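# Commentary on secondary and tertiary structure
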Amino acid sequence: MTAQPADVCVIGGGIIGLAAAHEFTQRGASVTVLEAAAVGERGAAGVAAGMIAPASEVDVSHPDLTRLALASHGEYPDWIARIEAASGMTTGFEQSGTLWVAVHRDHHAWLEQLRAFQAERGLDAVRLTAAEVREREPLLAPNVSGGLLARDDWQVDPRRLLQALAVAVERGGGTITEHTAADGIERSGEGWTVLARREDDAPPEHIRTRRLVVAPGAPGPGLLDAFPLLSGLRPVKGQILRLHGDVLARHVIRTPEVYLVPRADGELVLGATVEEMGFDRRVTAGAVHDLLREARRVMPGIAELELVEARAGFRPALRDHLPAIGSIGATEDGLFVAAGHYRNGVALAPVTARLLADLVCEGRADPLLAPFDPMRFAHSGAPGEATP
Ligand code: GLY
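Okay, so let's go over this structure. (Residues numbered from 1 in each chain as written. Predicted model: local features only at pLDDT ≥ 70, side-chain atom pairs only at ≥ 80, totals over all residues. Heavy atoms only, no water.)

## Regarding the sheet that holds strand β6 (residues 146-150)
Backbone-to-backbone hydrogen bonds pair the strands of a sheet. The strands run either parallel or antiparallel. The strand order across the open sheet formed by eight strands is β5-β6-β4-β13-β14-β15-β12-β16, and the pairing between neighbours is mixed. Because the sheet does not close on itself, it has two edges, and the strands there are β5 (125-129) and β16 (306-317). For this sheet, the mean angle separating the axes of adjacent strands, direction not counted, is 20°. Where β5 meets β6, five bridges bridge the pair, whose relative direction is antiparallel. Its bridge partner lying in β6, Ala 125 is registered against Ala 150. Across the face of the sheet, helix α3 (residues 105-120) comes into contact with β4 (98-102), β5 and β6 while running at roughly 145° to β4. (Pairing = 2+ DSSP bridges. Helix = DSSP H or I, 4+ residues; strand = E, 2+ residues; numbered from the N terminus. Axes fitted to C-alpha atoms, helices over the stretch in contact; angles between N-to-C directions. Contact = heavy atoms within 4.5 Å.)

Right, here's the structure in full:
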């Protein structure tokens, strides 16, 4: 008997692929997700700190991206509540805010610029004196000379969120097939056939689907060869450290050089480098040294914590550092992409999932998505591919 085609096949079980798959199941679609490794093993979200900071990543901000991030931010509490209810799991979602701190004069100028940027967008951000900063975080270093409390910057634990999403997808009737990579796609009848290859070298399977969503994260050479439409994606390396011990802070602490993301269970994530190094998985002595030095400068107590993990991950980036979310060709062709979320995969997951589901399940394109059309690089043949 030939299996019925799925309504939607999602290639990629990272945060974007799983968030989208979950939303598709909520709209009544039958969903199959193909993940090349185990959920959380390779993708950016397994390494990410989990900041939901719609206006704090000013250096990469773009008005359209900020608009999308603000929409996602508005959806976050309810989205998390739905995933936690559907999975029966918690995700470490915290709304305690980010405390930006200044340790030298340049930082004060930066914080003033950031306050104005946040205020213009209606976000809650207030400048604090050194005493006010220390009142909120007594273990900060004595050289911290002021700060900015961004109450609308939140955080979630991306590893727990991924596992909760996976459970929510399966409880919603979806199937997640791990250790299975997509080797190629073909148009077939009204839909698509995906050539799926298992890691254990079992014979490849042909998976039929009415609509196909490619959510590849930072794809390796195999997927890039099979999908020329992704050839503009590049990995941007980030090195990150995980410490563990006494809880030293309640807020995410940031300077322009480092972020410290505390979790209630005693984990403290320090991040992150931004490096154009291709798929270089090495953790370097220099990066570890720099992250620890900058973090210790603002929070000396980190020296007593255990260093439990040092890891490199890859942010998926397109040439303009904006995501590509939408259809490839006409919506009726049934081929969609959600890629290139760069530093903002965790922050943009809810809005990406909702808008993609509007498009994939109901054929409705929200104007919010217009700047993120995957075909915006069509003159060069692929999203993000450099113009000659
Ligand atoms: N979103 C934080 C980072 O990419 O390092």
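## What to know about α3
With 16 residues, α3 ought to run about 22 Å at 1.5 Å a step, and its terminal C-alpha atoms sit 23 Å apart, in line with that. For α3, the complete set of buried residues consists of His 107, Leu 111, Leu 114, Phe 117 and Gln 118. Along the long axis of α3, the arc covered by the buried residues comes to 125°, so they all point the same way. Pointing more than 90 degrees away from the buried face of α3 are the exposed residues Arg 105, Ala 109 and Glu 120. In this structure, the buried residues of α3 make contact with α2 (63-87), β4, β5 and β6. Of the residues flanking the end of α3, it is Gly 122, one or two places downstream, whose phi is positive at about 75°. (Expected span 1.5 Å × (residues − 1). Buried < 20%, exposed > 50% of the residue type's maximum accessible area, 1.4 Å probe, protein only. Arc of directions from axis to C-beta.)

## Looking at the packing of aromatic side chains
Under the criterion given, the structure shown has five aromatic pairs. Between Tyr 76 and Phe 93, the ring centres sit 5.9 Å apart and the planes meet at 20°, which makes this aromatic pair stacked. Residue Tyr 76 is located in helix α2, and its partner Phe 93 is located in the loop between α2 and β4; the two are separated by 17 residues in the primary sequence. Tyr 76 sits in the buried class, given a relative accessible area of 0%. (Phe/Tyr/Trp six-rings, centres within 6.5 Å; stacked < 30°, edge-to-face > 60°.)

## As for the pattern of salt bridges
Scanning the entire structure with this criterion turns up 31 salt bridges. In this structure, the salt-bridge partner of Glu 267 is Arg 263, at a minimum N-O distance of 3.1 Å. A residue is classified by how much of its surface remains accessible, and Glu 267, at 15% relative accessible area, is buried. Salt-bridge contacts for Asp 280 lead to Arg 282; the nearest nitrogen and oxygen are separated by 3.0 Å. (Salt bridge = Lys/Arg side-chain N within 4 Å of Asp/Glu carboxyl O.)

## Digging into the nonpolar core
Val 10, Ile 15, Leu 18, Phe 24, Tyr 76, Trp 79 and Leu 161 are the most contacted members of the largest nonpolar core, which has 50 residues in total. Put simply, the parts of the chain that give this core at least two residues each are β1 (6-11), α1 (15-26), β2 (31-34), α2, α5 (158-171), β18 (335-339) and α8 (345-362). A total of ten residues in this core trace back to one element, the largest contributor, which is α8. Those residues in contact with Tyr 76 that lie beyond four places of it in its chain are Ile 52, Phe 93, Trp 154, Val 156, Leu 161, Val 346, Ala 347 and Pro 350. Among the nonpolar cores identified, the runner-up in size contains 24 residues, and Leu 149, Leu 243, Leu 260 and Val 288 belong to it. (Core = buried A, V, L, I, M, F, W, Y, C linked by side-chain atoms within 4.5 Å.)

## A word on the side chain of Thr 25
Along the chain, Thr 25 turns up in helix α1. Exposure remark for Thr 25: the relative accessible area of 9% places this residue in the buried category. A polar atom in the side chain of Thr 25 sits 2.6 Å from the backbone oxygen of His 22. Beyond its immediate sequence surroundings of up to four residues, Thr 25 is in contact with Val 31, Val 169, Gly 172 and Gly 174. (Polar contact = N/O pair within 3.5 Å; in protein donor to acceptor, adjacent residues only side chain to side chain.)

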